[in-house]
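# Descriptive structure summary
Spelled out from the first residue to the last, the chains are:
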Amino acid sequence: TRTLSGYIDGARTYERQNWWLAGAAGVGPIFGVLLILTLPSILPGRVAPWVASLVMGQSQADADRAMIQSGDQARYECMIWAEWVFANNVEALQSCVEDMQQSGQDQSCTITVPAPRE
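This is a predicted model, so every value here is computed, not measured.

For the rest of this paragraph, the subject is the overall build of the protein chain. Tallying secondary structure elements over the protein chain gives five helices and zero strands in all. For the protein chain, the α and β elements follow one another from N to C terminus as α-α-α-α-α. By the compact-globule yardstick of 13 Å for 118 residues, the protein chain is too spread out, its C-alpha radius of gyration being 29 Å. Dimensions along the principal axes, computed over C-alpha positions, put the protein chain at roughly 95 × 40 × 20 Å. Expressed as a percentage of its 118 residues, the buried residues of the protein chain come to 10%. Of all intrachain contacts in the protein chain linking residues separated by at least 6 positions in sequence, the fraction that spans at least 24 positions is 12%. Distance from the positive charge centre (7 side chains) to the negative charge centre (12 side chains) of the protein chain: 22 Å.

What follows is the structure in structure tokens.
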């Protein structure tokens, strides 16, 4: 049988355990957020874009674009413009790159910039 002092010691142990549990519950989320923010810069590869997409709830491409847009609006607008020019001239650019690879020389390419449609 347990003595009264045994019950008191057990109660103190439970109280101490509850304090440790409360401390871990408070420190754990803070440590987790700090880990998510710092770990991608330490790890190799494409971890940072993956974490950004996970945190933002978007695809990696959309998360990357949102970060660029929030950091440098002018660069974002240039990127969108370049993507539009490329999308409208894929075949001409592919042909030009193939010619460059075959000749090993710089190539001049002609592209078409379509006028806005009304």
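On the surface, a nonpolar cluster with roughly 560 Å² of combined accessible area is contributed by Val27, Phe31, Leu35, Leu39, Ile42 and Leu43. Tracing the backbone shows Leu35 in helix 1 (residues 4–42).

Let's shift gears to the pattern of salt bridges. In total, this model carries one salt bridge according to the counting rule given. Put simply, Arg65 and Glu83 hold a salt bridge, and the shortest N to O gap is 2.7 Å. Taken together, the residues Arg65 in helix 3 (residues 60–71) and Glu83 in helix 4 (residues 73–87) connect sequence positions 18 residues apart. Take Arg65: its relative accessible area is 29%, and that puts it in the partly exposed class.

Conventions used here
Along each chain, the written sequence defines residue order, and numbers are assigned to residues from 1. Residues qualify for local features only when their pLDDT is at least 70, as the model is predicted, and side-chain atom pairs are given and counted only at 80 or more; totals for whole chains, interfaces and linings, by contrast, use all residues. Each side-chain value is derived from all of the structure's non-hydrogen atoms; neither hydrogens nor water enter the calculation. Here a strand is any run of E in DSSP of at least two residues, a helix any run of H or I of at least four, and the numbering for each starts at the N terminus. The atom set for the radius of gyration is the C-alpha atoms, and the globule formula is 2.2 Å times the number of residues raised to the power 0.38. A simple rule labels every residue: compare its accessible area, found with a 1.4 Å probe on the protein chains alone, to the largest value its type can have, and call it buried under 20%, exposed over 50%, or partly exposed in between. Two residues qualify as a contact provided that any one of their heavy atoms is within 4.5 Å of a heavy atom in the partner residue. Asp and Glu are treated as the negative residues and Lys and Arg as the positive ones, with His and the ends of the chain left uncounted. The atom standing in for a charge is NZ when the residue is Lys, CZ when it is Arg, CG when it is Asp and CD when it is Glu. Residues with no salt bridge and a relative accessible area higher than 30% make up the patches, which join like charges within 9 Å and nonpolar side chains (Val, Leu, Ile, Met, Phe, Trp, Tyr) within 5 Å. Per-residue and other accessible areas were derived by the Shrake-Rupley procedure at a 1.4 Å probe size, with only the shown protein chains allowed to occlude residues. Should a side-chain nitrogen of Lys or Arg be within 4 Å of a carboxyl oxygen of Asp or Glu, the pair is scored as a salt bridge.

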